[in-house]
Amino acid sequence: LRERAARVLAGGVSSDARRLPNGTLFVDRAEGAHLYDVDGKRYIDYVLGQGPALLGHAAGPVADAVAAQVRRGVSYSAQHRDEVELAETLVRVVPGAEKVRFNSVGSEAVHGALRLARGHTGRSKVVKFEGHYHGWLDPVLYSVHPPVDAAGPARQPRPVPGTGGQQLSSAGDLLLAPWNDLDALTELMERHGDDVAAVIMEPVLCNTGVIMPAEGYLEAVHDLCRRTGALLVFDEVITGFRLSLGGAQEYLGVTPDLAVFGKAIAGGMQLSAFAGRADVMDRISSGQVAHAGTFNSHPVAVAAARATLEVLERDRDVIYPRVFHLGALLAEGLREAAREAGVPLLVTGPGPMIQTYVTDAGDVRDYRDFARTDLAAAARLHGLLMDRGVNIVPRGLWFLSTAHTEEDVTETVAAAADALRAL
Ligand code: PMP
């Protein structure tokens, strides 16, 4: 399969797979917290499709809803009742969601939210933070650490009205700030504040380490945005529905102007959304800002999302404590195993997603700290874990699901102890 893939797929479908030191994982099927490869080998899965399978793979209510919807019709590209009811659910459970628009994948919804922020404010610049990832659509925005001096093309085509102007990179409109550093952001906003349409961030950083915002930081950024007229955009593509039913904004108690959702929203199907203040979202209602897409609010994805959110909303008092508990148990087990093996392993969380770093540092507060950890050793650890039937995101990220059990965690810690000794 690897040879055949190399002949017909450019780089393979998964960039993570290419980084595996011991070959490519070809999945045959996935069920609950487990993946099975084409040779029948079982993996305890902490990748969960890069986060979406919060209820585990092939969760019954999601599978049933998908099957039923496929029989009712797959692609309407028209308004339907389930879309309205899903939007009503989001407005009910996400603190800052007054109105909603749906897309297919996270990158698209990020694009929609930023276009909307530019349309609403009439400004063009966007601040992003070092190490934060917001999808792959914009050539500079997609990088976790874009070059600050990206040069724009000499001739710029005229943008279609309502589309938010040029791509961020070609307009030279992307400003980069270190995260968790209020002084640096304040200085940047003093220099560019009147031109800044949006400040976008992962409210809990998950793409280069799992890092909580410093005490009071989100509140202060929110304040700064309000003072300068920029919109605060939370990219909750990972944190949404995972950290809490209402996402990081509910968990941390800070409500952004706009937020972006994807991944876990539809239990593994492709659905994304951006949502926020009604007065901002209504730029779309009035036609001032364009938003379109053949597969937006796809009936099958919407059915999967409705089933997922129904379970999460009904069982929230059981589900979230359980996922946090399992994550904490796993983190403690990994710390203990690393101590015994003599490997300097830092483990951070909150429980629904935890991060392992090979480092002597006592703390990792931002991308710069993350970049100083031993990334080569982390990559070797990833391969050693794969050999032992544990699948994690190669940079040391572990997603928990409601399908994981304490037995899975015990088995994982034993495998990790062996992998850490080998490391
Ligand atoms: N934002 C964040 C925070 C993400 O982690 C990702 C994907 N890893 C995206 C946006 C892009 O989402 P997608 O891959 O569905 O386009």
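Residues numbered from 1 in each chain as written. Predicted model: local features only at pLDDT ≥ 70, side-chain atom pairs only at ≥ 80, totals over all residues.

1. Description of the pairing of strand β8 (residues 231–235)
For step 1, the next point in the chain: For β8, a buried count of 5 out of 5 residues is recorded, marking the element as mostly surrounded by other parts of the structure.
For step 2, the next point in the chain: In β8, alternate side chains face the same way, and those of Leu-231, Val-233 and Asp-235 on one face and Leu-232 and Phe-234 on the other are all buried.
For step 3, the next point in the chain: Relative to β8, strand β7 (residues 196–201) runs parallel, the two sharing 4 bridges. For Met-201, the partnering residue across the bridge sits in β8 and is Phe-234.
For step 4, the next point in the chain: The β-α-β motif built from β7, the intervening helix α7 (residues 217–228) and the parallel element β8 has right-handed crossover chirality.
For step 5, the next point in the chain: One ladder, built from 3 bridges, connects β8 with strand β9 (residues 258–261); its direction is parallel. Residue Val-233 lies in a different strand from β9, and its bridge partner there is Leu-258. (Buried ≥ 20, exposed ≤ 12 C-beta atoms within 10 Å, placed from the backbone. Helix = DSSP H or I, 4+ residues; strand = E, 2+ residues; numbered from the N terminus. Pairing = 2+ DSSP bridges. Right-handed = clockwise from strand over helix to strand, strands pointing away.)

2. Observations concerning the nonpolar core
For step 1, the next point in the chain: With 120 residues, the main nonpolar core has Ala-113, Ala-198, Val-199, Leu-231, Val-233 and Ala-304 as its most contacted residues.
For step 2, the next point in the chain: Ranked by residues supplied to this core, first place goes to helix α10 (residues 299–314) with 9 residues.
For step 3, the next point in the chain: Structurally, this core is a two-domain feature, drawing no fewer than three residues from each of domain 1 (2–58 + 316–422) and domain 2 (73–314).
For step 4, the next point in the chain: Excluding anything up to four places from it in sequence, Val-199 contacts Val-127, Val-221, Cys-225, Ala-230, Leu-232 and Val-233. (Core = buried A, V, L, I, M, F, W, Y, C linked by C-beta atoms within 7 Å. Domains from an automatic or database assignment. Contact = placed C-beta atoms within 7 Å.)

3. Observations concerning the confidence of the model for the protein chain
For step 1, the next point in the chain: The share of residues in the protein chain with pLDDT of 70 or more is 91%, and the mean pLDDT across the chain is 91.
For step 2, the next point in the chain: Across residues 149–154, confidence stays below pLDDT 50; counting only partners more than four residues off in sequence or on other chains, it has 6 contacts.
For step 3, the next point in the chain: Model confidence for the complex is summarised by a pTM of 0.95, with the ipTM given as 0.99. (pLDDT = per-residue confidence, 0-100.)

4. Some words on the packing of helix α13 (residues 375–387) against helix α14 (residues 406–422)
For step 1, the next point in the chain: The interhelical angle for the contact between α13 and α14, taken along N-to-C directions, is 135 degrees, at an axis separation of 9 Å. Relative to α14, the element α13 lies oblique. Judged by the sense of rotation from one axis to the other, the crossing of α13 with α14 is right-handed. Contacts between α13 and α14 involve Leu-381, Leu-384 and Leu-385 on the former and, on the latter, Ala-415, Ala-416, Ala-419 and Ala-422.
For step 2, the next point in the chain: Along the lines of polarity and charge, the residues of the contact of α13 with α14 split into 7 nonpolar, no polar and no charged. (Axes fitted to C-alpha atoms, helices over the stretch in contact; angles between N-to-C directions. Parallel < 35°, antiparallel > 145°, perpendicular 65-115°, else oblique. Left-handed = near helix turned anticlockwise from the far one by under 90°. Nonpolar A, V, L, I, M, F, W, Y, C, P; charged D, E, K, R; others polar.)

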